Amino acid sequence: MKYNIALIPGDGIGPEVIRETCKVLDAIGEKYGHEFNYTEVLAGGCAIDEKGECLPEETVRICKESDAVLLGAVGGPAWDHLPGSERPEMALLGLRGQLGLFANLRPAMLFDELADACPLKPELVSGGLDIVVVRELTGGIYFGKKDIIETENGVAAYDVEQYSEMEVRRIARVAFDMAMKRQKKLTSVDKANVLESSRLWRRVVEEVAADYPEVELNHFYVDNAAMQLVRQPKQFDVIVTSNIFGDILSDEASQVTGSIGMLPSASLATGNFGMYEPVHGSAPDIAGLDLANPMATILSAAMMLRYTFGLLAEADAIENAVQKVLADGYRTADIAKEDETPVGTKKCGDLIVAAVLG
Ligand code: NAD
């Protein structure tokens, strides 16, 4: 099979981690008989430098024409002086909006080999940890009406949290479908004791649940969910929540895995199209030094194979290869202990390629 991938290396360590990820994808192609065609496009700071805007129209067009998008990271100090609306990071919001990426999937998986990096007590995570946060990405308070107004008490500001039934229903379906492929257990997180939008959220999630009788559904208020994630994280499998709650909870959940260099993510539209990227940023402090951990991006590519291309064995092969490299004792600097000699970005990629082909 042939698959067309739009590549957005971006800024900082983006090009380095994308280069290693393409090596791994090519190894998968060689082993399983697939062809991955890459079209490299500009977004972020490099696009500002070359085209005068962070998200050129051509980039969006090529992304739309591709089967999936793989992104490194955007941003960096060179563009920090720009006003908010012109900064490289605006490319991410533009891509989410223009590609209709309404569902953000953030797995928080603790590899046994990295258990030491987990800040929680070992007994809380023994046997590993595997949670997926499904976050609504294009609605809610980040996109609601907002303004700064004059009141009789001086200046005030507001941001409106608003969800339609349609928006809740489609993200709930993504989460239930995911639960069906995993432990058949779904936790919906809201603040229904206080917020009207959360009461609508809960009602619609309950309605969708009727189509998934095999899935065990429970509801947590967001404050309790935040507490339970560090108190008893293994009780969770799939969590579905709104944009702002998901922003916070996915960061919290992912921290139990120890390093930002290990965290993949997927943003999905309807019809299996998706954009895949590591959770980390462009890490300007280590850019170009062969120090970046490419595993988050490589694991993002595994998600792409699984969720957009439906290549389950191939996705497993990448994840197993990453696990093997860790089990063999290799670590990049961000996850190495003091007495361990770290491997560089390129060597890490080579080791994962060898594990895929081995
Ligand atoms: P960051 O994630 O880039 O870096 C935070 C820390 O983690 C740094 O010390 C960095 O060296 C380290 N780190 C990150 N990824 C790593 C990796 N793969 N391997 C080893 N170490 C890694 O966050 P930041 O410093 O807050 O942001 C830097 C720039 O990235 C900013 O311009 C920010 O706006 C942008 N950013 C972009 C995205 C994105 O493109 N999706 C996300 C977050 C931040």
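Residues numbered from 1 in each chain as written. Predicted model: local features only at pLDDT ≥ 70, side-chain atom pairs only at ≥ 80, totals over all residues. Heavy atoms only, no water.

S.K.: It is not clear to me how the overall build of the protein chain should be interpreted in this structure. Could you clarify?
M.R.: Counting its regular elements, the protein chain contains 12 helices and 12 strands. Judged by the C-alpha coordinates and their principal axes, the protein chain covers about 60 × 50 × 45 Å. Burial analysis of the protein chain (358 residues in total) assigns 53% to the buried set. Relative to all contacts within the protein chain whose residues are 6 or more apart in sequence, the contacts with residues 24 or more apart total 75%. A total accessible area of about 15800 Å² is found for the protein chain, and carbon and sulfur atoms account for 51% of it. Positive and negative side-chain charges in the protein chain, numbering 33 and 55 respectively, have mean positions lying 4 Å apart. (Helix = DSSP H or I, 4+ residues; strand = E, 2+ residues; numbered from the N terminus. Buried < 20%, exposed > 50% of the residue type's maximum accessible area, 1.4 Å probe, protein only. Contact = heavy atoms within 4.5 Å. Areas by Shrake-Rupley, 256 points an atom, 1.4 Å probe, with all protein chains shown as cover. Lys, Arg positive; Asp, Glu negative; His and termini not counted. Charge placed at Lys NZ, Arg CZ, Asp CG, Glu CD.)

S.K.: I'm lost on the site of the ligand in this one. Help?
M.R.: Around the ligand sit 20 residues in total, of which Glu-89, Gly-281, Ala-283, Asp-285 and Asn-293 are the nearest. Contacts to the ligand include His-280, whose side-chain N or O atom sits 3.2 Å from a nitrogen atom. Protein chains bury 69% of the 800 Å² of accessible surface belonging to the ligand in isolation. (Near = heavy atom within 4 Å. Polar contact = N/O pair within 3.5 Å; in protein donor to acceptor, adjacent residues only side chain to side chain.)

S.K.: Honestly, the domain arrangement of the protein chain in this entry has me stumped. Any pointers?
M.R.: The domains assigned to the protein chain are domain 1 (1–107 + 263–358) and domain 2 (119–256). Measuring from the centre of the C-alpha atoms in domain 1 to the corresponding centre in domain 2 gives 25 Å. Contact with domain 1, which involves 11 residues of that partner, is made by 15 residues of domain 2. Of the roughly 1300 Å² buried between domain 1 and domain 2, counting both surfaces, carbon and sulfur atoms make up 64%. When residues of domain 1 are sorted by the area they lose upon contact with domain 2, Phe-102, Asn-104 and Arg-106 head the list and together hold 50% of the total. Summed over the shared surface of domain 1 and domain 2, the result is one salt bridge. The salt bridge involving Arg-106 is made with Asp-251; its shortest N-O contact spans 2.9 Å. Between domain 1 and domain 2 we count six residue pairs in polar contact (both at pLDDT 80 or more) in total. Looking at which element gives the most residues to the side of domain 1 that touches domain 2, the answer is strand S4 (residues 103–110), with five residues. (Domains from an automatic or database assignment. Buried area = accessible area lost by both parts, 1.4 Å probe. Salt bridge = Lys/Arg side-chain N within 4 Å of Asp/Glu carboxyl O.)

S.K.: Got a minute to help me understand unusual backbone geometry in this structure?
M.R.: In most cases, non-glycine residues show a negative phi, while peptide bonds are predominantly trans. Phi at Lys-184 is positive, roughly 60°, even though this residue is not glycine. Along the chain, Lys-184 turns up in the loop between helix H6 (165–181) and strand S8 (185–190). A relative accessible area of 30% places Lys-184 in the partly exposed class. Even without a glycine there, the phi angle at Asp-290 is positive, about 60°. As for its position among the elements, Asp-290 is in the loop between strand S12 (274–278) and helix H10 (295–307). On the accessibility criterion, Asp-290 (33% relative accessible area) is partly exposed.

S.K.: Looking at this structure, how should I read the sheet that holds strand S5 (residues 129–136)?
M.R.: Backbone-to-backbone hydrogen bonds pair the strands of a sheet. The strands run either parallel or antiparallel. The strand order across the open sheet built from 10 strands is S2-S1-S3-S12-S11-S4-S5-S10-S8-S9, with neighbouring strands paired in mixed fashion. With one partner strand each, in any of the chains shown, strand S2 (35–40) and strand S9 (216–221) form the two edges of the open sheet. On average, each strand axis in the sheet is inclined to that of its neighbour by 25°, with strand direction left out of account. Taken together, the three bridges between S4 and strand S11 (residues 264–268) define a ladder with antiparallel strand orientation. Within the sheet, the bridge partner assigned to Asn-104 lies in S11 and is Ser-267. Relative to strand S1 (residues 2–10), helix H3 (residues 57–65) is tilted by about 150°, and along the sheet it contacts S1, S2 and strand S3 (68–73). (Pairing = 2+ DSSP bridges. Axes fitted to C-alpha atoms, helices over the stretch in contact; angles between N-to-C directions.)

S.K.: Would you mind going over the pattern of salt bridges with me for this structure?
M.R.: Scanning the model with the defined rule gives 24 salt bridges in all. Asp-328 is the salt-bridge partner of Lys-324, the closest N and O atoms lying 2.7 Å from each other. Owing to a relative accessible area of 43%, Lys-324 belongs among the partly exposed residues under this scheme. Through salt bridges with shared partners, a single ionic network connects Arg-19, Glu-20, Lys-23, Lys-346 and Asp-350.

S.K.: Explanation requested: the side chain of Asp-11 in the structure shown.
M.R.: Residue placement: Asp-11 occurs in the loop between S1 and helix H1 (14–32). Look at Asp-11: it is buried, it has no salt bridge, and the nearest opposite charge is Arg-87 at 10 Å. Apart from residues no more than four positions distant in its own chain, Asp-11 is found in contact with Gly-44, Gly-45, Cys-46, Ala-73, Val-74, Gly-75, Trp-79, Pro-88 and Ser-282.

S.K.: What is the right way to read helix H7 (residues 196–209) from this model?
M.R.: Structurally, the α-helix is built with 3.6 residues per turn, so residues lying three or four positions apart point the same way. Taking 1.5 Å as the rise per residue, H7 with 14 residues should run 20 Å; its terminal C-alpha atoms sit 20 Å apart, in good agreement. Among all positions in H7, only Ser-197, Ser-198, Trp-201, Val-204, Val-205, Val-208 and Ala-209 are buried. Take H7 and look down its axis: the buried residues cluster within an arc of 145°, on one side only. Residues of H7 that are buried in the fold lie against S5, H6, S8, S9, strand S10 (238–241) and helix H9 (243–255). (Expected span 1.5 Å × (residues − 1). Arc of directions from axis to C-beta.)

S.K.: What is the right way to look at the packing of H6 against H7 in this model?
M.R.: How two helices sit against one another is set out by the angle between their axes and by the gap between those axes. Between H6 and H7, the least distance of the axes is 9 Å, while the angle of their chain directions is 50°. Taken together, the axis directions place H6 and H7 in an arrangement best described as oblique. In this structure, the crossing between H6 and H7 has a hand that is right-handed. Across the interface between the two elements, Glu-165, Val-168, Arg-169, Ile-171, Ala-172, Arg-173 and Phe-176 of H6 pack against Leu-200, Trp-201, Arg-203, Val-204, Val-205, Glu-207, Val-208 and Ala-209 of H7. Considered class by class, the residues forming the contact of H6 with H7 number 10 nonpolar, no polar and five charged. (Parallel < 35°, antiparallel > 145°, perpendicular 65-115°, else oblique. Left-handed = near helix turned anticlockwise from the far one by under 90°. Nonpolar A, V, L, I, M, F, W, Y, C, P; charged D, E, K, R; others polar.)

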